[in-house]
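# Chains, contacts and geometry: an overview
Single-letter residue listing:
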Amino acid sequence: METKLLLAVWLVLHTAYCLPKDCGECEPDACPEIDCPSNMTTKDACSCCGVCLREEDEVCGGKHWSEGRCVEGYYCTADPDNADEKPGVCNCKYPYRVCGSDGKDYDTYCQLRFTSWRSKKMGGDKIHKVHKGFCEFAPIITIPPTDVRNTTGNTVFMSCEVKSNPSSQIVWKFKKDEEDEGVDLPADYANTFCSFRGGPHTNKVTGWVLIEGLQKTNAGIYQCFASNAFGNDTSTVYVEVQEEEL
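Described below are features of the structure shown in this document. (Residues numbered from 1 in each chain as written. Predicted model: local features only at pLDDT ≥ 70, side-chain atom pairs only at ≥ 80, totals over all residues. Heavy atoms only, no water.)

### Focus: a negative patch on the surface
As a reminder, the rule being used: Nonpolar side chains (Val, Leu, Ile, Met, Phe, Trp, Tyr) are joined into patches within 5 Å and like charges within 9 Å, using only residues with over 30% relative accessible area and no salt bridge. Using a 1.4 Å probe, accessible areas were evaluated by the Shrake-Rupley method; residue-level cover was limited to the displayed protein chains. The term salt bridge refers to a side-chain nitrogen of Lys or Arg lying within 4 Å of a carboxyl oxygen of Asp or Glu. The sign given to each residue is positive for Lys and Arg and negative for Asp and Glu; His and the chain ends receive no count. A charge is said to be at NZ when it belongs to Lys, at CZ for Arg, at CG for Asp and at CD for Glu. The helix and strand labels rest on DSSP assignments: H or I over at least four residues marks a helix, E over at least two residues marks a strand, and numbering proceeds from the N terminus. The buried label goes to any residue with under 20% of its type's maximum accessible area, the exposed label to any with over 50%, and the partly exposed label to all in between, with areas taken from a 1.4 Å probe on protein chains only.
There is a patch of like negative charges on the surface, built from Asp 177, Glu 179, Asp 180 and Glu 181. The topology assignment puts Asp 180 in the loop between β12 (169-175) and β13 (183-184). Owing to a relative accessible area of 31%, Asp 180 belongs among the partly exposed residues under this scheme.

See below:
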């Protein structure tokens, strides 16, 4: 019992010591209205009025946290217990990309923690880290090839951009018509060339088909087929070939 009483006295004295001397009596009705971009608030240095929590790269610290505290997942570069130190900024302690349980990518683990905290404050679910790096997902063709209409002898170029994680394999397929079973290019077409490479952005690959000296036999249905361990995506285009007028 005596121990609990001493602990209670210590907490009262310690709290009084930590608070600014000019706090006075708290009058909640006199507190100013606040509008926080993050929708996250805390109590001021006097534990009375609400103040906005600071986000990444915003000013924080100051004596008795007069310049504000950071949102969950961030730390202030200044020491508020040092009266002579200038205010700091909110920085992330875990600056690496993560995949969240909501299926979204976050540039830093701090962003995920803050989003999770905000979600819970708004009555939503907690978001936890699944793993470092980008989330894994099936291919999505972000820029599909377009239909082609050209004359014999010309050069035709088609491209297909795909986003996925892990990276996709791109295969170009060709069919004479809807009834044809089709083949994987370049097959036996000596004037047809295929290639693909990573980019132009992270988690993206781009595939190409180049047809030099277009012939009537190149007319038909072309498919960009992208696949990885999580699924696939396909985009279909038509190439129409006309005889060159003499």
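### With respect to the state of the cysteines
Disulfide: a covalent bond connecting the sulfur atoms of a pair of cysteines. To be explicit about the condition: Two cysteine sulfurs form a disulfide in these notes if their separation is within 2.5 Å.
Inspection of the entire model under this criterion finds eight disulfides. A sulfur-sulfur distance of 2.1 Å marks the disulfide that ties Cys 70 to Cys 90. Taking the sign of the S-S torsion, about -95 degrees here, the bridge from Cys 70 to Cys 90 comes out left-handed. Linking Cys 70 in the loop between β3 (59-60) and β4 (74-76) with Cys 90 in strand β5 (residues 88-92), this pair joins segments that are 20 residues apart in sequence. Each member of the pair, Cys 70 together with Cys 90, is buried. There is a disulfide in this structure between Cys 160 and Cys 224, and the S-S distance comes to 2.1 Å. Between Cys 160 and Cys 224, the disulfide has an S-S torsion of -85 degrees and is therefore left-handed. Highlighted residues: Cys 160 in strand β11 (residues 156-165) and Cys 224 in strand β16 (residues 220-228), separated in sequence by 64 residues. Residue Cys 160 is classed as buried on the basis of its relative accessible area, which comes to 0%. Judged by relative accessible area, which is 0%, Cys 224 ranks as buried.

### Re the sheet that holds β5
Within a sheet, adjacent strands bond to each other through the backbone by hydrogen bonds, running parallel or antiparallel. Here is the rule we go by: Following DSSP output, two strands are said to pair if at least two bridges run between them.
Spatially, the three strands line up as an open sheet ordered β3-β5-β4, and their pairing is antiparallel. Each end of this open sheet is capped by a strand with a single partner; those strands are β3 and β4.

### Description of the pairing of β11
For β11, a buried count of seven out of 10 residues is recorded, marking the element as mostly surrounded by other parts of the structure. As paired strands, strand β9 (residues 137-143) and β11 are joined by four bridges and run antiparallel to one another. Its bridge partner being in β11, Ile 141 is matched across the sheet by Val 162.

### Regarding the environment of Ser 235
Which entries qualify depends on this criterion: Pairs of residues are marked as contacts when any of their non-hydrogen atoms sit within 4.5 Å.
With respect to the secondary-structure elements, Ser 235 resides in strand β17 (residues 231-242). Assessed through its relative accessible area of 12%, Ser 235 is described here as buried. C-alpha of Ser 235 to C-alpha of Phe 225: the two residues are 10 residues apart in sequence and 6.8 Å apart in space. Those residues within four positions of Ser 235 in sequence are excluded, and the remaining contacts are Ile 141, Pro 144, Pro 145, Tyr 222, Gln 223 and Cys 224.

### Some details on the pattern of salt bridges
On inspection of all chains with the given rule, the structure shows five salt bridges. Among the salt bridges present, the one from Asp 107 reaches Arg 97, with a minimum N-O distance of 3.0 Å. Linking Asp 107 in the loop between β7 (105-106) and α2 (109-121) with Arg 97 in the loop between β5 and β6 (98-100), this pair joins segments that are 10 residues apart in sequence. Classification of Asp 107 as partly exposed rests on a relative accessible area of 45%. For Arg 149, the salt bridge goes to Glu 240, with nearest N and O atoms at 3.6 Å. Here Arg 149 is found in strand β10 (residues 148-151), whereas its partner Glu 240 is found in strand β17, with 91 residues between them in sequence. Exposure remark for Arg 149: the relative accessible area of 59% places this residue in the exposed category.

### Overview of the packing of aromatic side chains
Which entries qualify depends on this criterion: Between 30 and 60 degrees the pair is tilted, below 30 it is stacked and above 60 it is edge-to-face, where a pair is any two Phe, Tyr or Trp rings, Trp via its six-membered ring, whose centres lie within 6.5 Å. In this scheme, the term charge over a ring applies when either NZ of a lysine or CZ of an arginine sits within 6 Å of the ring centre and within 35 degrees of the ring normal.
Inspection of every chain in the model, using the stated rule, returns four aromatic pairs. Judged by centre distance (5.4 Å) and plane angle (70 degrees), the ring pair of Tyr 94 and Tyr 109 falls under edge-to-face. Remark: Tyr 109 occurs in helix α2 and Tyr 94 occurs in the loop between β5 and β6; sequence separation between them is 15 residues. Take Tyr 109: its relative accessible area is 21%, and that puts it in the partly exposed class. Between Tyr 96 and Tyr 109 the ring centres are 6.2 Å apart and the planes differ by 10 degrees, which places this aromatic pair in the stacked class. Pair noted here: Tyr 96 is in the loop between β5 and β6 and Tyr 109 is in helix α2, with a separation of 13 residues, a long-range link. An aromatic cluster is present here, built from Tyr 94, Tyr 96 and Tyr 109 joined pairwise through their rings. Lying over the aromatic face of Tyr 109, Lys 129 brings its terminal NZ or CZ to 5.4 Å of the ring centre. Residue placement shows Lys 173 over the ring face of Phe 225; its charged tip is 5.4 Å from the ring centre.

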